[in-house]
Amino acid sequence: MAETAELTVGERTVRLTNPGKVYFPQRGFTKLDVARYYLAVGEGVLRALRDRPTMLERYPDGVEGESFFQKRAPKNLPEWIPTGRISFPSGRHADEICPTEPAAVVWAANLGCLTFHPWPVRRQDTDHPDELRIDLDPQPGTDYEDAVWAAGQLRPVLEELGLRGWPKTSGGRGLHVFVPIEPVWTFTQVRRAAIAIARELERRAPRRITTAWWKEERGEKVFVDYNQTARDRTIASAYSVRPRPHAPVSAPLHWEEVPDARPRDFDLATMPVRFRELGDVHADMDEQVCRLEAALELADRDERDHGLGDLPYPPEHPKMKGEPKRVQPSRAKK
């Protein structure tokens, strides 16, 4: 009979199959280690996932094995884990898991889920985001320190627009900044606000920050990926384990920590210690809800005064009204 283990998570008992399976050979971390990690940071990761339709990034044989993204809820989903129906740009829909308790996260970890990808909406209203998410993505020739510098420029831009951002490491080379917002704007409107913020950053630091969608035009700069606010695009949640050999995690930060914190500071072993000492440093994020009027007014001024309209959507999206041609510049010239 295969080895199993049971973890008590709140009022539930979650059964793990093959708990000794090694998921991170370089560090020796097992499936049980991953499950215990999510148990240790349970309240923090639940805060990031609560009631959000969530895609699972699964590595059933560990980070050196095959992986896949699971959008639809698994068939063996327990009845105590609710789902939310989301609609894709194609018009199709899916029912995704919506964690409401830490046990749901540990249950998913038993399936080999390392990284959780929540939508910026709640299951009660899946058409109106309640987070504006900004992805600071260093391009070739730049690194994490450049993303840190860009985040330092982003913070005052947000504050001038009446917005409060909450930074976290991506677990890789970049930084994410989430802004909690009232769920009254559509995906299109939230993306428009994100573009306006990105363009303002680019105006202030054109040599180091770019909004260029085409990689051939970005150069050695930090790309502000405005399309992370498009429907069906998700960003790894806070506290998610990332599938890299050293088992890093996406770490929520205080702004004051951003200049000195480094991604390798936060992993499967160190984050539980930090969580015990500090708790969830983004715990009151949902209580600091912002509005987008000022950012949308900035978008209007960009279009009216500078002729700056929409930017290209991801390739899987249907063509949108007002969107420029989705043609790689070098090919368009030919």
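Bear in mind that the values here come from a model prediction, so they are computed numbers and not experimental data.

Let's talk about the domain arrangement of the chain
(1) Moving on: Per the domain assignment, the segments of the chain are domain 1 (4-126) and domain 2 (131-233 + 288-306).
(2) Moving on: Measuring from the centre of the C-alpha atoms in domain 1 to the corresponding centre in domain 2 gives 28 Å.
(3) Moving on: Across the boundary between the two partners, domain 1 contributes 11 residues, which contact 7 residues of domain 2.
(4) Moving on: With both sides pooled, the region where domain 1 packs onto domain 2 buries about 800 Å², and carbon together with sulfur makes up 49% of that total.

Brief notes about the packing of aromatic side chains
(1) Moving on: Throughout the structure, instances matching the rule amount to 9 aromatic pairs.
(2) Moving on: Consider the rings of Tyr-37 and Tyr-38, whose centres lie 5.0 Å apart with planes at 65°: the pair is edge-to-face. As far as burial versus exposure is concerned, Tyr-37 and Tyr-38 are alike and both buried.
(3) Moving on: Taken together, the aromatic side chains of Tyr-37, Tyr-38 and Phe-116 make up a single cluster linked through ring pairs.
(4) Moving on: Here Lys-71 stacks its cationic end above the ring of Phe-88, 4.7 Å away from the centre of that ring.

Examining the UniProt feature "domain: DNA ligase D polymerase" (unreviewed entry) in the chain
(1) Moving on: Using the residue numbers shown here, the UniProt feature "domain: DNA ligase D polymerase" (unreviewed entry) corresponds to residues 30-281.
(2) Moving on: Between the C-alpha atoms that bound residues 30-281 the distance is 27 Å, and the span itself is 28% helix and 19% strand.

Concerning the pairing of strand 5 (residues 54-58)
(1) Moving on: Counted residue by residue, strand 5 has 5 buried out of 5 residues, so it is predominantly covered.
(2) Moving on: The side-chain alternation of strand 5 yields two buried faces, one formed by Thr-54, Leu-56 and Arg-58 and the other by Met-55 and Glu-57.
(3) Moving on: Two elements, strand 5 and strand 9 (residues 113-118), share 5 bridges in a ladder whose sense is antiparallel. Residue pairing in the sheet places Met-55 in a bridge with His-117 of strand 9.
(4) Moving on: The sheet contact formed by strand 5 and strand 6 (residues 68-70) spans 3 bridges and is antiparallel. Within the sheet, the bridge partner assigned to Leu-56 lies in strand 6 and is Gln-70.

Definitions and limits used
Numbers given to residues run from 1 along each chain, matching the order in which its sequence is written. Predicted model: local features are reported for residues with pLDDT of at least 70 only, side-chain atom pairs are reported and counted for 80 or more only, and whole-chain, interface and lining totals are derived from all residues. Hydrogen atoms and water are omitted, and side-chain values are computed over all heavy atoms in the structure. Domain delimitation follows an automatic or database domain assignment. Any two residues having at least one pair of non-hydrogen atoms within 4.5 Å are treated as being in contact. As used here, buried area is the combined drop in accessible area, with a 1.4 Å probe, of two parts when they are placed together. Under the pairing criterion, centres of Phe, Tyr and Trp rings, with the six-membered ring standing for Trp, must be within 6.5 Å; the plane angle then separates stacked pairs below 30 degrees from edge-to-face pairs above 60, leaving the rest tilted. The buried label applies to any residue whose accessible area, calculated with a 1.4 Å probe on protein chains only, is under 20% of its type's maximum; exposed applies above 50%, and partly exposed to all values in between. Consider the ring centre and the ring normal. A charge sits over the ring if Lys NZ or Arg CZ is within 6 Å of that centre and within 35 degrees of that normal. UniProt positions are given in the numbering used here, feature names are shortened, and annotations may be inferred rather than shown by experiment. Helix numbers and strand numbers start at the N terminus; a helix is a DSSP run of H or I with at least 4 residues, a strand a run of E with at least 2. For two strands to be treated as a pair, DSSP must find at least two bridges joining them.

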